[in-house]
Structure formats: structure tokens, C-alpha cells
Amino acid sequence: MNFTNDERFDGLYLNVAQTARGIEPLLDTMFSFLRRKTDFFNGPHGQDTDAAIEKVNQVLMKHIELHKAEQTKKKKQKELEEERKKTKSQRQEEGNWK
């Protein structure tokens, strides 16, 4: 399953974010949970913390690329909308000259 746009946990995360009052405290709670309740930092096969760092970086980079793609798409949409408005305005002005 692709979890990159999964909204099922948004309410839970919003609650944690509001309670934590900041990005760093939110991340601290997430990593605290992983450290205390999972084998995330040791890995399933007793690996060292390098595997955890690699996984965090991998997921972070995936979301950075998604963010960049979304921003590019929004920018293009804004430019298209501005071009449509400009064209519409020019046509209206041309109609007023006749």
C-alpha cells in the first residue's frame, strides 16, 4: 500500500502536533516512540543505527521529491490561470476598441 497520501491518521497526527506545539517536539515524540516501543534503531536483524538513519533519509527524500513536484504543479497552474486572465482581459479590451 502507498502511504504517501494516506489521510487516515491526519486527525491523530494533528492532535499530537497541537499537543507537542512544534515540529521538533512532534518529531521527538515519533522517534521516542520508535526507540521505546520498536526495534527501529536496532533493525529486525540487530543492525546498528546506520540502517535507521538510512531509512529516515530515504523516506524524507521521497517526501521532499513529492513536495517539489506538488510545488511545481501549483506554480504551473498559477501561471496558466494568470495567462488565461491576461488573455481574457486583452480580448475584452480589444472588444471595447471596436
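Residues numbered from 1 in each chain as written. Predicted model: local features only at pLDDT ≥ 70, side-chain atom pairs only at ≥ 80, totals over all residues. Heavy atoms only, no water.

### Thoughts on the packing of aromatic side chains
Going through the model one piece at a time under the given rule, you end up with three aromatic pairs. Seen in terms of ring centroids, F31 and F41 are 6.5 Å apart; in terms of plane orientation they differ by 50 degrees. Their pairing is tilted. Taken together, the residues span a long stretch of sequence, with F31 in helix α2 (residues 23-37) and F41 in the loop between α2 and α3 (49-97) at a distance of 10 residues. Ring centres of F40 and F41 lie 5.2 Å apart, and the angle between their planes is 85 degrees; on these two criteria the pair is classed as edge-to-face. Given a relative accessible area of 26%, F41 falls into the partly exposed group. Three or more aromatic residues joined by ring pairs make a cluster, and in this case those are F31, F40 and F41. (Phe/Tyr/Trp six-rings, centres within 6.5 Å; stacked < 30°, edge-to-face > 60°. Helix = DSSP H or I, 4+ residues; strand = E, 2+ residues; numbered from the N terminus. Buried < 20%, exposed > 50% of the residue type's maximum accessible area, 1.4 Å probe, protein only.)

### Points about the layout of surface pockets
Empty space within the largest pocket amounts to approximately 1300 Å³. F3, Y13, M30, V59 and H63 are the residues nearest the centre of the largest pocket, which is lined by 21 residues in total. Listing elements by their share of the lining of the largest pocket, those giving two or more residues are α1 (10-20), α2 and α3. Residues belonging to the lining of the largest pocket are distributed by class as follows: 13 nonpolar, three polar and five charged. Its boundaries defined by the atoms lining it, the second largest pocket holds a volume of some 160 Å³. As for the second largest pocket, its lining consists of L12, Y13, V16, L26, T29, M30 and F33. Of all the secondary structure elements, the ones that give two or more residues to the lining of the second largest pocket are α1 and α2. Here the element with the most residues in the lining of the second largest pocket is α2; it accounts for four residues. (1 Å grid on protein atoms, 1.4 Å probe; cavity = no way out; pocket = protein on both sides within 12 Å on 5 of 7 lines; lining within 4 Å. Points joined across faces, edges and corners; volume = space filled by probe spheres on them. Nonpolar A, V, L, I, M, F, W, Y, C, P; charged D, E, K, R; others polar.)

These values are about where atoms sit, not about what they do.
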